[in-house]
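Overview (structure and organization)
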Amino acid sequence: MKIPENFLYYLSRHEDCSERLLARAGHLRTEDLEVSQHLEVARIKKMVYAVMGEAHRMKAFVRLSYLGTCVLYGFFKPRHRIGEHICDHFARRNAGIIVVLGNGSESWISLCREGRVWRDHGRGLNESLERLKSALHCSEDGCEDGCDVEGLWQVYYDSQYCPERKNLQAFRRQMPRRDQEAAGLRLVQKKKNASLEDFLCD
Amino acid sequence: MVTLEKIAHLAEECRFDSLGPARSPAVLDVDAEKLRTLGEGTRHDVCASTFSPRETPLPGICHAFTQDGRCVSLFKTLYTNHCTHQCSYCTNAVNCSRKAKAFSYTPKELARITISLYRSNYIEGLFLSSGAGRDEDNVMEKMVETARLLRQKFAFSGYIHLKVLPGASQTHIQEAVELADRVSINLEAASASHMNEICATKNYESDILQRQRYIRDMLSETSHAAQTILPAGQTTQLVVGAAGESDEEIFKRVLYEYKEIGVRRAYYSAFSPQRGTFFENKKAQPLWREHRLYQMDWLYRIYHFQPGEMRHAFNESGFLANADPKMAIAREFMDKPLDPNTATFPQLLRVPGIGPRSAERIVAYRKRQPIAAKAELAAMGVRIKRAAPFLKINGWRDTTLEMWQA
């Protein structure tokens, strides 16, 4: 990954970033972060990479479900302050649909319409979804569209596995358990299909 | 920030917008066996790109990884597994004794599955291949129709990779090129004679190479037009070792593809025998063979090595050893250690353990201060263990076995 021009944005989203560190990083250029071996610069670079990495994996791993016809929602509990950033990404990808991401304690709501994004930041995911249900006048039963996308995906995902190329080490490196949990992923934790060999080869 | 109620009100108004919102498609009822069988048909097909300029591109996004460590970013499927070709390695071939039940999608069904998976963020796009069916033009037409439905009916802005079937008509290829982000025709073998060994029903020159030239010509004709078509270009894929070809023969074919056909990149898939096929009892090729060919490919495309120097990586029989080819080339050509403070960028790239990113960092770093220790190189991403025998820093170099022998 290359350090982006707007690295200060990513730094500001880090859970441990202070105003003081942000002010000091303001004097740095992208090239400084790329080559400098000063301890503090190396730390800033590491923090930028940590936020970029989590943002990238959340864009990949968060799964969305339909609530009615104009709301998509998903579980999401990031370590860094990237809730709004990720929610906006999904809103732009699904223009005209409200995207709600969140967990038990907070949620982010975004809607992209004609290139402009509207946002809200609520408390828990369930609370935001309840409020949306009443605002959109859709009942509990009428909201779900009945399409089992998760089921479709699971069948397709299983079909792509080549047993002759089995490489659990690479799989675990690419899909760290920590990020799977942050994105609420359960599909790859296929404990019911695991063999004894899966536990011995680590 | 606006209130949630205002957002709900704006979303309801979206149905009056000119394009309308990207609403959920109707309820899907898909046969799981069909989904699995047609999905399994593309297990060995590879596409590493999800580049689509229709929205902000996401570099190499992978929505999941299978337990073989490979990325799943696309909905890879066959349109139909019915095929009249006699490929000796393929489970869909007409002469396969353990052939699965024949399935086929309809364009509408396939488009709806794709859009549902895309909206729920399981995939970045569609990779559509197919068996030839009774008539390859008929199947190709359906594949194009699927892409058209996605683009026009569902306003799908994600990535579409369409496989062009061997022998498909120029008209259908033109339509595929206009709708897809990438198209590809699998070469499968390194030459016409090798193709005859693995599939007697495909004509290497007219069914495959000629179709690749059609795509090349279509791209060159439209390169000056305002609208760029096929942003991710055309690619190809080879089965490694099915016809007994050497690595050098494969590499020479790939060089031809890069220079003459203009493919964006080549993919390799090590042959593994499938039950019921004609090659069932043939020995599987080691996965490292595929990996070494990818390394050679990388050295040519990314490191810009010359084919003349790269041929030293092959042994007398034309095969690569199970070792880094860059190291073999460096041993052949780098007889004197290199000073990273004075070496040019291409020279740095030829040192094992130094890649394009670390070479860029070295060049930027030494403009500020000279490199004085190996630790500084390590901090720039250089793999010191591999690079040290080829480097001389401040007049010092590591002792090598060759020095003692001298």
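Since we're looking at a predicted model, the values are computed, not measured. (Residues numbered from 1 in each chain as written. Chains lettered and ligands numbered in written order. Predicted model: local features only at pLDDT ≥ 70, side-chain atom pairs only at ≥ 80, totals over all residues.)

Topic: the domain arrangement of chain A
Residue and element names in this part refer to chain A. Partitioning chain A into structural domains gives domain 1 (7-56), domain 2 (62-143) and domain 3 (149-190). Of note, the centres of domain 1 and domain 2, computed from C-alpha atoms alone, are 29 Å apart. If you look at the interface, domain 1 gives 6 residues, while domain 2 gives 7 residues. For the side of domain 1 that touches domain 2, the residue count by class is 2 nonpolar, 1 polar and 3 charged. (Domains from an automatic or database assignment. Contact = placed C-beta atoms within 7 Å. Nonpolar A, V, L, I, M, F, W, Y, C, P; charged D, E, K, R; others polar.)

Section: the domain arrangement of chain B
Under the domain assignment, chain B is made up of domain 1 (29-285) and domain 2 (334-399). Relative placement of domain 1 of chain B and domain 2 of chain B: their C-alpha centres are 41 Å apart.

Quick word on the nonpolar core
Of all hydrophobic cores here, the largest spans 105 residues; its most connected members are L117, L162, A176 and A180 of chain B. Not counting the four nearest positions on each side in its chain, L117 of chain B is found in contact with V149, L152 and W153 of chain A together with F75, Y122 and I123 of chain B. Counting residues in each nonpolar core, the second largest holds 50 residues, with Y10, L111, C112 and L125 of chain A among its members. (Core = buried A, V, L, I, M, F, W, Y, C linked by C-beta atoms within 7 Å. Buried ≥ 20, exposed ≤ 12 C-beta atoms within 10 Å, placed from the backbone.)

Points about the confidence of the model for chain B
When the pLDDT values of chain B are averaged, the result is 88; 90% of them are 70 or greater. Interface scoring of the predicted complex returns ipTM 0.87; its pTM is 0.88. (pLDDT = per-residue confidence, 0-100.)

A closer look at the sheet that holds strand β5 (residues 116-122) of chain A
Hydrogen bonds between backbone groups are what pair the strands of a sheet, and the pairing can be parallel or antiparallel. Residue and element names in this part refer to chain A. The sheet built from 5 strands is open, its strands ordered β1-β2-β3-β4-β5 with mixed pairing. For this open sheet the edge positions go to β1 (65-67) and β5, each flanked by a neighbour on one side alone. In this sheet, neighbouring strand axes are inclined to one another by 25° on average, regardless of whether the strands run parallel or antiparallel. Pairing analysis gives 4 bridges linking strand β3 (residues 98-102) to strand β4 (residues 107-113), with the strands arranged antiparallel. Across the sheet, V99 pairs through a bridge with S110, a residue of β4. The strands touched by helix α6 (residues 125-136) are β1, β2 (71-75), β3, β4 and β5; relative to β3, the strand with the most contacts, the crossing angle is about 155°. (Pairing = 2+ DSSP bridges. Helix = DSSP H or I, 4+ residues; strand = E, 2+ residues; numbered from the N terminus. Axes fitted to C-alpha atoms, helices over the stretch in contact; angles between N-to-C directions.)

Considering helix α8 (residues 149-159) of chain A
Those residues of α8 of chain A that sit buried are V149, L152, W153, Y156 and S159 of chain A. Take α8 of chain A and look down its axis: the buried residues cluster within an arc of 125°, on one side only. Where α8 of chain A is buried, its residues touch α2 (32-40), β3 (74-78) and α3 (107-119) of chain B. (Arc of directions from axis to C-beta.)

Some remarks on the interface of chain A and chain B
At the junction of the two partners, chain A supplies 58 residues and chain B supplies 56 residues. Classifying every residue of the side of chain A that touches chain B gives 31 nonpolar, 13 polar and 14 charged.

Some details on unusual backbone geometry
Residue and element names in this part refer to chain B. A positive phi angle, near 50°, is found at L230, a position not held by glycine. Within the secondary structure, L230 sits in the loop between α7 (204-222) and β7 (234-240). Non-glycine residue H304 carries a positive phi angle of around 55°. Tracing the chain through its elements places H304 in the loop between α9 (287-301) and α10 (307-310). For H304, a count of 10 C-beta atoms within 10 Å puts it in the exposed group.

Here we look at the sheet that holds β7 of chain B
Residue and element names in this part refer to chain B. A sheet is described by the order of its strands in space; here 6 strands give the open sequence β3-β4-β5-β6-β7-β8, paired in parallel fashion. With one partner strand each, in any of the chains shown, β3 and β8 (265-270) form the two edges of the open sheet. The average angle at which neighbouring strand axes cross in this sheet is 20°, direction not considered. Its contacts with the sheet put α9 on β7 and β8, and the angle it makes with β8 is roughly 170°.

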